[in-house]
Amino acid sequence: MVNNSKISRICTVPSLVGDCGEIQELALVSGAANLEVQQAYESHDTATSLSLGSGSARCYKLGPCFDSPSSVEEDNKPVAARLSKYYPSEKAKILVQNFSSLVSWHSWCKNSSPVVGWHLPDETYCNWVKKLEKRLEQKWRDLRIYEAIMLSTRLISFDSPLMSALMCFWDKSCNAFLLPEGPMGITMEDVVAITSCSPVGIELSTLGTDPPDVKNTYLGIGVSSYGNFVTRAMALRDKEQEEMAFYLYWICKFVVCNRSVMVLKGFQCVAETIFHAKGPIALAPFLLGLAYNCLGNILRSDFSEHVSGPLWLVVLWAQAYFNPIAASSISTHLQSPRQQKFNSIYSYGDYIISSQVHCEKTFGECFNYLTDNKRKRQGEEWNPFLKREFGADWFRTFTLHQKHTRDEKDAWKAVLIARDLPAYFSPPSFFLEPYSPNQFARQLGHLQSVPVPFYQTINQPWHSRNTVAANVLKHAEKDYFIRKSAMSQVNQIHWFPSSDHAFDFWWLWCWANVASYVSEAKKHFVSKFGNGPRKMHKKRRATRTQKLQRGILQLPSPLFKYILEFCYSTVSVGMIIYVDSSKA
């Protein structure tokens, strides 16, 4: 890493190039563009960081980024207009811009489980966790999955008004919510805070790409529904087999949230890896990739129920970042995080669930809150997990304001480096989801400038999410490790979530393109579904007796009276009517 008084390059990224030529051209034609960014493109470096200030109060721009998107080209077309292909996407418009094509948006809230794979723990599963916890707690802590396993026993409520409004602004191309304050999204740090899962360790990205090894130790129960699997697994006499069966069940139901509602053999390799692991499992990148893919598929499938992915993670993230309008207010209702009743809080996800209070709100109120351009975030509002009050011991020391150990530096690299994240639901179906932290610089304590689009993604065209081959998945992992090793250190920075003039000017132009649709979109949603989607209860099938009663009540009154007299002269046993022969 090259250091001087003005510039600090934080990583070098040799990578597959998608729209590199076009973005490089944008960097070159912009007269006031960051010179370091231009040099980075020329040498295929894709992440730079500019140090602003001196001493301990340094602020960094998370690159790659532009300094001045308002530069004018020869044809008098501003660079900001050239970037409209990416923000907002011209080829994959957000829902607020494409509301006329909406068909099934109201189905989003028809019950408490918006997708088939929504995780709902039952008593049997919770008892299974308690049983294994007595024997495996320390191992789970060493693997950094203990808090996530405990979180899987919690009942997570779906916040339908907030989520239905928030989904209107999800850009499935850049994996961000496009809001008046700029792009916001789930960062790797957010996943770590909510679940206490590790961002580094044994990678799960390519475990499903290889055929099973003959040395596999898991004998397997076979493909089975969740309920049957738990019953059979708990009855296993071999403790090792039961433990691996648990990991397989936990991955399928809680992490992947498989839409088939089945325990699949395709994740057997993951279960075995967890069983044999001696150190941390890098579960956070896997979870984040699955969450991104889940949100994109919800829009691509027109809000179909049959979508896999940890949607619960998105709900908890939304309730933390938008707590004034969320069902839980984690900043108001818990003044002292060390209260007695919260002694067993395992992670911020657990904290959000435990602090939930009933909050009456409508889709319209949430929509208005999200589109309010007068609302300004400041300081810690950009990161509700900054204080590190909950979570595993290693997470509480995972801060920006102190000298880092080798493990902590490695973890911060995983948070700050752009990469293609793995997402697979039933191998060999593999997908890659781009993670671009330069879009969320303020959430990571940096100074936000105009983010260069994630041209390093393998997805081609850049806005698509097509199935990729196993060797491509391996290449993405190798590419990430190369860039990670090139990042020699992580600078100590001052928490300063703000934006520069270039970003403010650029996003004012970008949001104007979205804002022109907001009013009409809201009218469309409200006129079609009232004040937004509401819960719809399925009608129960009437019993035979109820049908008989309804049929009798619809009869003319003389006939109704005759039938009643007949019924009084009968003896009813169950559903069979016996006629009294003495009065027949």
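That block above? That's the structure.
Quick summary incoming for the structure in this document. If you're wondering where the values come from, they're calculated on a predicted model, not measured in any experiment. (Residues numbered from 1 in each chain as written. Predicted model: local features only at pLDDT ≥ 70, side-chain atom pairs only at ≥ 80, totals over all residues. Heavy atoms only, no water.)

### A short note on the overall build of the protein
Here is step 1: When helices and strands are tallied, the protein shows 20 helices and 18 strands.
Here is step 2: Buried positions account for 57% of the 584 residues belonging to the protein.
Here is step 3: In the protein, once contacts between residues fewer than 6 apart in sequence are set aside, the share between residues at least 24 apart is 78%.
Here is step 4: Carbon and sulfur atoms provide 52% of the accessible area of the protein, an area that totals close to 25200 Å². (Helix = DSSP H or I, 4+ residues; strand = E, 2+ residues; numbered from the N terminus. Buried < 20%, exposed > 50% of the residue type's maximum accessible area, 1.4 Å probe, protein only. Contact = heavy atoms within 4.5 Å. Areas by Shrake-Rupley, 256 points an atom, 1.4 Å probe, with all protein chains shown as cover.)

### Some details on unusual backbone geometry
Here is step 1: Backbone geometry places Cys257, a non-glycine residue, at a positive phi of 55°.
Here is step 2: Tracing the sequence through the fold places Cys257 in the loop between helix 9 (239-255) and strand 10 (262-263).
Here is step 3: When its relative accessible area of 1% is taken as the criterion, Cys257 is described as buried.
Here is step 4: The phi dihedral of Phe303 is positive, around 60°, even though this residue is not glycine.
Here is step 5: A residue is classified by how much of its surface remains accessible, and Phe303, at 3% relative accessible area, is buried.

### Concerning the packing of helix 4 (residues 123-143) against helix 8 (residues 226-234)
Here is step 1: One can describe the packing of helix 4 onto helix 8 by two numbers: an axis separation of 10 Å at closest approach and a directional angle of 30°. Relative to helix 8, helix 4 is oriented roughly parallel. Both helix 4 and helix 8 take part in a crossing whose hand is left-handed. Between helix 4, through Thr124, Trp128 and Lys131, and helix 8, the contact on the second element is made entirely by Phe229, Val230, Ala233 and Met234.
Here is step 2: Looking at side-chain class alone, the contact of helix 4 with helix 8 contains five nonpolar, one polar and one charged residues. (Axes fitted to C-alpha atoms, helices over the stretch in contact; angles between N-to-C directions. Parallel < 35°, antiparallel > 145°, perpendicular 65-115°, else oblique. Left-handed = near helix turned anticlockwise from the far one by under 90°. Nonpolar A, V, L, I, M, F, W, Y, C, P; charged D, E, K, R; others polar.)

### Let's talk about the pairing of strand 6 (residues 176-179)
Here is step 1: Neither face of strand 6 is exposed, since Ala176 and Leu178 on one face and Phe177 and Leu179 on the opposite face are all buried.
Here is step 2: Where strand 5 (residues 170-171) and strand 6 come together, two bridges link them in antiparallel fashion. The partner of Asp171 across the bridge, within strand 6, is Ala176.
Here is step 3: Here strand 5 folds back onto strand 6, and the loop between the two strands holds four residues, one of which, Asn175, carries a positive phi near 55°.
Here is step 4: Pairing of strand 6 with strand 7 (residues 182-184) involves three bridges; the strand directions are antiparallel. What sits directly across from Leu179, in strand 7, is Gly182.
Here is step 5: What sits between strand 6 and strand 7 in their antiparallel hairpin is a turn of two residues. (Pairing = 2+ DSSP bridges.)

### Structural notes on the environment of Val256
Here is step 1: Within the secondary structure, Val256 sits in the loop between helix 9 and strand 10.
Here is step 2: Linking Val256 and Ser308, residues 52 residues apart in sequence, is a C-alpha distance of 6.6 Å.

### Things to note about the sheet that holds strand 7
Here is step 1: Reading across from one edge, 5-6-7 is the order of the three strands in this open sheet, with antiparallel pairing throughout. The open sheet has two edge strands with one neighbour each: strand 5 and strand 7.

### Focus: helix 14 (residues 363-370)
Here is step 1: With six of eight residues buried, helix 14 is to be regarded as a mostly interior element.
Here is step 2: Of the residues making up helix 14, those classed as buried are Phe363, Gly364, Cys366, Phe367, Tyr369 and Leu370.

### Some thoughts on the packing of aromatic side chains
Here is step 1: Considering all chains together, one arrives at 33 aromatic pairs under this definition.
Here is step 2: Centroid distance Tyr125 to Phe246: 6.2 Å. Interplanar angle 5°. Geometry classified as stacked. With Tyr125 in helix 4 and Phe246 in helix 9, this pair connects stretches of sequence that are 121 residues apart.
Here is step 3: Between Phe363 and Phe525 the ring centres are 5.7 Å apart and the planes differ by 90°, which places this aromatic pair in the edge-to-face class. With Phe363 in helix 14 and Phe525 in helix 18 (residues 501-529), this pair connects stretches of sequence that are 162 residues apart.
Here is step 4: Look at Phe363 and you get buried, because its relative accessible area is 3%.
Here is step 5: A cation over an aromatic ring shows up here: Arg375 above the ring of Tyr369, its NZ or CZ 4.6 Å from the ring centre. (Phe/Tyr/Trp six-rings, centres within 6.5 Å; stacked < 30°, edge-to-face > 60°. Lys NZ or Arg CZ within 6 Å of the ring centre and 35° of its normal.)

### Focus: the packing of helix 9 against helix 10 (residues 268-276)
Here is step 1: Taken N-terminus to C-terminus, the directions of helix 9 and helix 10 make an angle of 125°; their axes are 8 Å apart at the nearest point. The orientation of helix 9 relative to helix 10 falls into the category oblique. Remark: the crossing between helix 9 and helix 10 carries right-handed chirality. On helix 10, the residues that touch Glu240, Glu243, Met244, Tyr247, Leu248, Trp250 and Ile251 of helix 9 are Gln268, Val270, Ala271, Glu272, Ile274 and Phe275.
Here is step 2: Considering only residue class, the contact of helix 9 with helix 10 consists of nine nonpolar, one polar and three charged.

### A look at the pattern of salt bridges
Here is step 1: Inspection of the entire model under this criterion finds 13 salt bridges.
Here is step 2: Of the charged contacts, one joins Arg154 and Asp350 as a salt bridge, the two residues approaching to 2.9 Å between their closest N and O atoms. One end of the pair, Arg154, is in the loop between helix 5 (146-151) and helix 6 (160-166); the other, Asp350, is in helix 13 (residues 348-354), with 196 residues separating them in the sequence.
Here is step 3: For Arg154, a relative accessible area of 24% puts it in the partly exposed group.
Here is step 4: A salt bridge links Glu181 to Arg375, with the nearest nitrogen and oxygen atoms 2.7 Å apart. With Glu181 in the loop between strand 6 and strand 7 and Arg375 in the loop between helix 14 and helix 15 (393-396), this residue pair connects regions lying 194 residues apart in the sequence. Comparing Glu181 with Arg375 shows no difference in burial state: the two are buried.
Here is step 5: Each of the salt bridges in this network shares a partner with another, and the network as a whole consists of Glu137, Arg141 and Glu147. (Salt bridge = Lys/Arg side-chain N within 4 Å of Asp/Glu carboxyl O.)

### Side note on helix 9
Here is step 1: Across its 17 residues, helix 9 extends 23 Å between first and last C-alpha, which sits within 8% of the 24 Å expected from 1.5 Å per residue.
Here is step 2: With respect to burial, helix 9 is a largely interior element, 15 of its 17 residues being buried.
Here is step 3: Backbone geometry just downstream of helix 9 places Cys257 in the positive-phi region, at approximately 55°. (Expected span 1.5 Å × (residues − 1).)

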